[in-house]
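Analysis of the macromolecular model
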Amino acid sequence: MHKLGRGHRDKVQQFMAITGSSEKAAVQALKASDWHLEGAFDIFYSQPHIRTVTDSRHLEELYNRYKDPYVDMILVDGITLLCNDLQVDPQDIVMLVVSWHMKAATMCEFSRQEFIGGLQYLGIDTIEKFRDKLSYMRSELKDEQKFREIYNFAFGWAKEKGQKSLALDTAIGMWQLLFAERHWPLVDHWCQFLQVRHNKAISRDTWSQLLEFAKTVDLQLSNYDEEGAWPYLIDEFVEYLTENGIVQRPQN
Amino acid sequence: MSAQRKRNFKIEAFKHRVDLDPKYAEKTWKVLEHAIHEIYNHNASGLSFEELYRNAYNMVLHKHGEKLYSGLVTTMTWHLKEISQSIEAVQGDLFLEELNRKWGEHTKALQMIRDILMYMDRTFITSSRKTPVYELGLNLWRDNIIRSSKIQDRQLNTILELIHKERTGEVINRGLMRNITKMLMDLGSSVYQEDFEKPFLDVSASFYSGESQQFIECCNCGEYLKKAERRLNEEMERVSQYLDTKTEPKITCVVEKEMIANHMKQLVHMENSGLVNMLIDDRFEDLIRMYNLFQRVTEGLRLIRDLMTSHLRETGKQLVTDPERLKDPVDFVQRLLNEKDKYDKIIAAAFNNDKSFQNALNSSFEYFINLNSRSPEFISLYVNDKLHKNLKGVSEEDVEIVLDKVMMLFRYLQEKDIFEKYYKQHLAKRLLSGKIVSDDAERNLIVKLKTECGYQFTSKLEGMFTDMKTSQDTMQGFYASQGFEAGEGPTLVVQVLTTGSWPTQPSAACNLPAEILGVCDKFRAYYLGTHSGRRLTWQTNMGTADLKATFAKGQKHELNVSTYQMCILMLFNSVDRLSCKEIEQATAIPSQDLKRCLQSLACVLGKNVLRKVPMSKDIAEDDIFSINDKFMSKFFKIKIGTVTAQKESEPEKQETRQQVEEDRKPQIEAAIIRVMKARRVTGYNSIVMEVTKQLQPRFLPNPVMIKKRIESLIEREFLERDEDDRKLYRYLA
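This is a predicted model, so every value here is computed, not measured.

1. Topic: the overall build of chain B
- When its secondary structure is counted, chain B shows 30 helices and nine strands.
- Taking 27 Å as the expected radius of gyration for a compact globule of 733 residues, we find that chain B reaches 48 Å, considerably beyond that expectation.
- The principal-axis extent of the C-alpha atoms belonging to chain B is close to 155 × 75 × 60 Å.
- Relative to its full complement of 733 residues, chain B shows a buried share of 45%.
- If you take every contact in chain B between residues at least 6 apart in sequence, the share linking residues at least 24 apart comes to 71%.
- Summed over its atoms, the accessible surface of chain B is roughly 39500 Å², and 50% of this surface lies on carbon and sulfur atoms.

Below you can see the structure in the form of structure tokens.
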């Protein structure tokens, strides 16, 4: 340990605290990722044989603590309790990441399979371990690829069961939440535009294409291509922005 | 016997040299020189051709060709210099004549000399590659006369001056001119070009440049074109008379450039006399002339065509957007047809049926007809009008012509499906009101539409005709089955319409008067008895009734009214006075329709069988109605209430358009699916292009609509976006 520099030592400490791994494993992972914490986490967790073995008895206990008395599922009350235990706000976006890991079908509920399976995958079998993992999960939102997966997952998760589209209010709420993590300056205008002009549910295609739009088109819309096969709502949004002078598009 | 070896017979020259008298050559030359002099002095008659020929022959034979040749050159040159001086000395107008005369003499002399020296031409000259005698003579003439400093310029200026005189109207000696130009041509085409043609073209260019400037300031377009044409013809005639034919394209090019090309734009746009005025006034002669002249110039025709197009688009646009015109749909369409006729005639008569002009005409019409979204409706109303009243006494060919013209307008429509909707509505009304004058004409039109648009367009229309025919048969059967009861009570005529073939009209059934309920129910029973599994609904908003009415003073009239109106009038058989509200309650007629019926029964002069208190035009709930005892009309049969097709009101129009828009959605989707099935994976732009192409015979799809349909199909999982390239779509089987 004393061979490492100060910064590196700190990282090793952090890594060990979060993953609960040994110092050796920590150093190994960090070296392999060139001393980037997030990369090190990826490497660590993607190595199956390093995965921490979870105690299934503990998992059962955990599940039973939160499960609803009448139904074999964790419902709203259970989740509130879980968030309490985790010292996390139920509206916190990290819960979305948790749901993503669990491949939860709908928001505000976890099935037995989803809950236990998800925790196993994450190598969590106690609330303490769960709490420790939260900052890692938050960091996952910074990864482009993962953010996109989580974003697209959010659509199916947030919509009503049996519906094809996402209700506008829910969508707006989700967008506010998601784009707080990955800053997109036009998000407020977008939500306003939808309420004024559209006022209907959001289709999956529009949802997923919006992220592409936010990622690729610049704030002056100078590289927006009218022939670019964007969903019509986005075309209308561009019109809305130019009409209201929010953006001055270079006329060509 | 075999003669293998070729035997060459050689004729050897005499081996012994015959030595000539060294002075022989000189002597012989002197003879010839003398002869040449004599020839030039017009004394050739005293010479012996044979002798001279022999002398020349001998000289050449004895290898004195060089001496002979150079002697010839010297002698001729000397003579030519003399001639040159004599020509120069001539004053004034006789200059050209003298030149011409001397030329004639020279060529004659040259011929004689050539004949004499023919042996030299054939042998010595070919072997020593010198210029042959005749050509030599020409070249010497050229160098000593034509190109002599005193003659060259004077010759050119004289010629050009003469031409200028002729252009300004004087008569000149064309024969002389012809000879001179021929002389130049004989001297070689480069001589002709350098010494005459090129300067001629330059001078002509400035002449015409000046003249055209003059004309354009004082003439109107038509006059100018006449003058230009005249000048052009003049120049062509000039060439044929006394210039070389090769000059023709060059001089015409000059005239075209100076008189036409340089002033094209000004001419065409000339106020009060330019192209637009010619078109408006049908000035065929001027137009033909303009077409022919402008054809000669690059971009000339394009200029005419473009201006015609923009004028046509402008007039067309005014026609279709003028609010006055929109009040009478039939007149609107008639004007469009008139305009088309006018231009067809112009293009045929004046523009030589030029295809590019026809195309311009078509594109212009397509442009402005579609500027007015009611064009499809109006065209249908026009058809309705023609098939409705005016066919009585009109021959079959004329009908054919009218229908063909209508079809031609139809082709310009972008929204053919809107036309279809209105056409169906109007046809339904025509059929039901019994106003079909010519079954053949109707079917004729349907065949034309089918040819144009495919069978889907017309399949339902034919269903309507079938229903009418079937209904006739049904009626016959019905009355046959009723037998003796048929004589009593009202006579019922029923048309049974198959839902789906006929344009849907929402109809609330009203309360039919008791007098006819009986026979109505009998019919219903009869029909359902013979056709099981069907449902009949009376369409009370579409029928008519003939009522026999007796008024207070005994006046009898026969009233032809709509079903609604019948229901209203029958009420007054039992009651004297009714308020509007009471009528509404009794008949259950929808209030909008009720108001219209009451207005036509009470407020129209000559047809006011009802009296209304108060006497205003509007219908209010509490207005009281009663039979108008004082009703008078000179006609026995009176027609009140029509179901003929009218221009739709604004809300009706909106509704129709909305229906059409709704109908378009599945059509667009079907087209998208077809495209995707064929292509499997393709980009957004190509989908839009293909779909537009497929739907073109019906309507022009809005790209935004196509996009929305694509997204709907994505949601319903017929299509998906490609994972890697978000601009590509994939067909999901």
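From this point on, the discussion continues.
2. Focus on the pairing of strand S5 (residues 624-627) of chain B
All names here are of chain B.
- Of the pairings in the sheet, the one linking strand S3 (residues 577-579) to S5 comprises three bridges and is antiparallel in character. Bridge assignment links Arg-577 to a residue of S5, and that residue is Ser-626.
- By the bridge criterion, four bridges tie strand S4 (residues 610-613) to S5 in an arrangement that is antiparallel. Looking at the pairing, Arg-611 lines up with Ser-626 of S5.

3. Some points on the packing of aromatic side chains
Residue and element names in this part refer to chain A.
- This model, assessed by the stated rule, comprises 44 aromatic pairs over all chains.
- Aromatic pair Phe-110 and Phe-115: ring centres 6.4 Å apart, planes at 40°, arrangement tilted. In this pair, the class of Phe-110 matches that of Phe-115, namely buried.
- Their ring planes at 80° and their centres at 5.0 Å tell us that Trp-190 and Phe-237 sit as a pair that is edge-to-face. With Trp-190 in helix H11 (residues 187-198) and Phe-237 in helix H13 (residues 232-243), this pair connects stretches of sequence that are 47 residues apart.
- Judged by relative accessible area, Trp-190 falls into the buried class, the value being 0%.
- Exposure remark for Phe-237: the relative accessible area of 0% places this residue in the buried category.

4. A word on the domain arrangement of chain A
Residue and element names in this part refer to chain A.
- If you check the domain split of chain A, you get domain 1 (6-50), domain 2 (56-132) and domain 3 (144-243).
- One C-alpha centre belongs to domain 2, the other to domain 3; they are set 28 Å apart.
- Facing 12 residues of domain 2, the contacting portion of domain 3 comprises 15 residues.
- Across the interface of domain 2 and domain 3, roughly 1200 Å² is buried in total on both sides, 76% from carbon and sulfur atoms.

5. Some points on the interface of chain B and chain A
- Facing 13 residues of chain B, the contacting portion of chain A comprises 16 residues.
- Regarding the contact of chain B and chain A, the summed buried area is about 1300 Å², with carbon and sulfur atoms giving 46% of it.
- Broken down residue by residue, the surface that chain B buries against chain A is led by Lys707(B), Glu715(B) and Arg726(B), which jointly contribute 42%.
- In this structure, the connection of chain B to chain A is made through three salt bridges.
- Lys727(B) is the partner of Asp225(A) in a salt bridge, and the nearest nitrogen-oxygen pair spans 3.7 Å.
- In this assembly, chain B and chain A are joined by nine residue pairs in polar contact (both at pLDDT 80 or more).

6. A short note on the UniProt feature "domain: DCUN1" (unreviewed entry) in chain A
- With numbering aligned to this structure, UniProt lists the feature "domain: DCUN1" (unreviewed entry) at residues 54-242 of chain A.
- Within the segment residues 54-242 of chain A, helix and strand shares are 64% and 2% respectively, and the terminal C-alpha atoms sit 55 Å apart.

7. Looking at the packing of helix H9 (residues 144-158) of chain A against helix H10 (residues 168-181) of chain A
Residue and element names in this part refer to chain A.
- Running from N to C, H9 and H10 cross one another at 165°; their axes reach a closest spacing of 11 Å. On the basis of their axis angle, the class for H9 and H10 is roughly antiparallel. Seen along the crossing, H9 lies across H10 with a hand that is right-handed. Contact with H9, carried on its side by Phe-147, Tyr-151, Ala-154, Trp-157 and Ala-158, involves Thr-170, Met-174, Trp-175, Leu-178, Phe-179 and Glu-181 of H10 and no other residues of that element.
- Of the residues that constitute the contact of H9 with H10, the class distribution is nine nonpolar, one polar and one charged.

8. Topic: the sheet that holds strand S1 (residues 544-550) of chain B
All names here are of chain B.
- The three strands are arranged S1-S2-S6 in an open sheet whose pairing can be described as mixed. In this open sheet, the two strands that pair with only one neighbour each are S1 and strand S6 (637-639). Taking the axes of each pair of neighbouring strands and ignoring which way they run, one obtains an average angle of 25° across the sheet.
- Here strand S2 (residues 556-562) pairs with S6 via three bridges, running parallel. Note that in S6 the partner of Leu-559 across the bridge is Ile-638.

9. Points about a negative patch on the surface
All names here are of chain B.
- There is a patch of like negative charges on the surface, built from Glu-396, Glu-397, Asp-398, Asp-439 and Asp-440.
- Contributions of two or more residues to the negative patch are made by helix H20 (396-412) and helix H22 (439-453).
- Sorting elements by how many residues they give to the negative patch places H20 first, with three residues.
- With respect to the helices and strands, the residue Asp-398 is situated in helix H20.

10. A look at empty space enclosed by the protein
Residue and element names in this part refer to chain B.
- Within the structure shown, the criterion is met by two cavities of 30 Å³ or more.
- As for the largest cavity, its lining consists of Ser-373, Arg-374, Glu-377, Ile-418, Tyr-422, Lys-653, Thr-656 and Arg-657.
- For the lining of the largest cavity, the element with the highest residue contribution is helix H28 (residues 650-679), accounting for three residues.
- Classifying every residue of the lining of the largest cavity by side-chain character gives two nonpolar, two polar and four charged.
- Structurally, the lining of the largest cavity is a two-domain feature, drawing no fewer than three residues from each of domain 3 (304-467) and domain 6 (650-731).
- Looking at the second largest cavity, its volume works out to about 30 Å³.
- Lining the second largest cavity, in full, are Leu-32, Ala-35, Ile-36, Ile-113, Ile-116 and Leu-117.
- When residues of the lining of the second largest cavity are traced back to their parent elements, those giving at least two are helix H1 (22-40) and helix H4 (94-116).

11. A short note on the domain arrangement of chain B
- Domain boundaries assigned for chain B yield domain 1 (23-145), domain 2 (149-278), domain 3 (304-467), domain 4 (468-530), domain 5 (544-639) and domain 6 (650-731).
- The distance between the C-alpha centroids of domain 1 of chain B and domain 6 of chain B comes to 93 Å.

12. Comments concerning the pairing of strand S9 (residues 728-731) of chain B
Residues and elements named next belong to chain B.
- Burial along S9 is one-sided: the residues Tyr-729 and Tyr-731 are buried and none of Leu-728 and Arg-730 is.
- Direction of pairing for strand S7 (residues 681-683) relative to S9: antiparallel, over a ladder of three bridges. The residue of S9 that forms the bridge with Val-681 is Arg-730.
- Where strand S8 (residues 719-721) folds back onto S9 in an antiparallel hairpin, the turn is made up of six residues.

13. Side note on the sheet that holds S5(B)
All names here are of chain B.
- With antiparallel pairing, the three strands of this open sheet are ordered in space as S3-S5-S4. The sheet is open, and its two edges are formed by S3 and S4, each paired on a single side. Between one strand axis and the next, the sheet turns through 30° on average, direction left out of account.
- Running over the sheet, helix H27 (residues 591-602) touches S4 and S5 and is turned about 110° from S4.

Conventions used here
- Residues numbered from 1 in each chain as written.
- Chains lettered and ligands numbered in written order.
- Predicted model: local features only at pLDDT ≥ 70, side-chain atom pairs only at ≥ 80, totals over all residues.
- Heavy atoms only, no water.
- Helix = DSSP H or I, 4+ residues; strand = E, 2+ residues; numbered from the N terminus.
- Rg over C-alpha atoms; globule rule 2.2 N^0.38 Å.
- Buried < 20%, exposed > 50% of the residue type's maximum accessible area, 1.4 Å probe, protein only.
- Contact = heavy atoms within 4.5 Å.
- Areas by Shrake-Rupley, 256 points an atom, 1.4 Å probe, with all protein chains shown as cover.
- Pairing = 2+ DSSP bridges.
- Phe/Tyr/Trp six-rings, centres within 6.5 Å; stacked < 30°, edge-to-face > 60°.
- Domains from an automatic or database assignment.
- Buried area = accessible area lost by both parts, 1.4 Å probe.
- Salt bridge = Lys/Arg side-chain N within 4 Å of Asp/Glu carboxyl O.
- Polar contact = N/O pair within 3.5 Å; in protein donor to acceptor, adjacent residues only side chain to side chain.
- UniProt positions renumbered as here; feature names shortened; annotations may be inferred.
- Axes fitted to C-alpha atoms, helices over the stretch in contact; angles between N-to-C directions.
- Parallel < 35°, antiparallel > 145°, perpendicular 65-115°, else oblique.
- Left-handed = near helix turned anticlockwise from the far one by under 90°.
- Nonpolar A, V, L, I, M, F, W, Y, C, P; charged D, E, K, R; others polar.
- Patch = residues over 30% accessible without salt bridge, like charges linked within 9 Å, V, L, I, M, F, W, Y side chains within 5 Å.
- Lys, Arg positive; Asp, Glu negative; His and termini not counted.
- Charge placed at Lys NZ, Arg CZ, Asp CG, Glu CD.
- 1 Å grid on protein atoms, 1.4 Å probe; cavity = no way out; pocket = protein on both sides within 12 Å on 5 of 7 lines; lining within 4 Å.
- Points joined across faces, edges and corners; volume = space filled by probe spheres on them.

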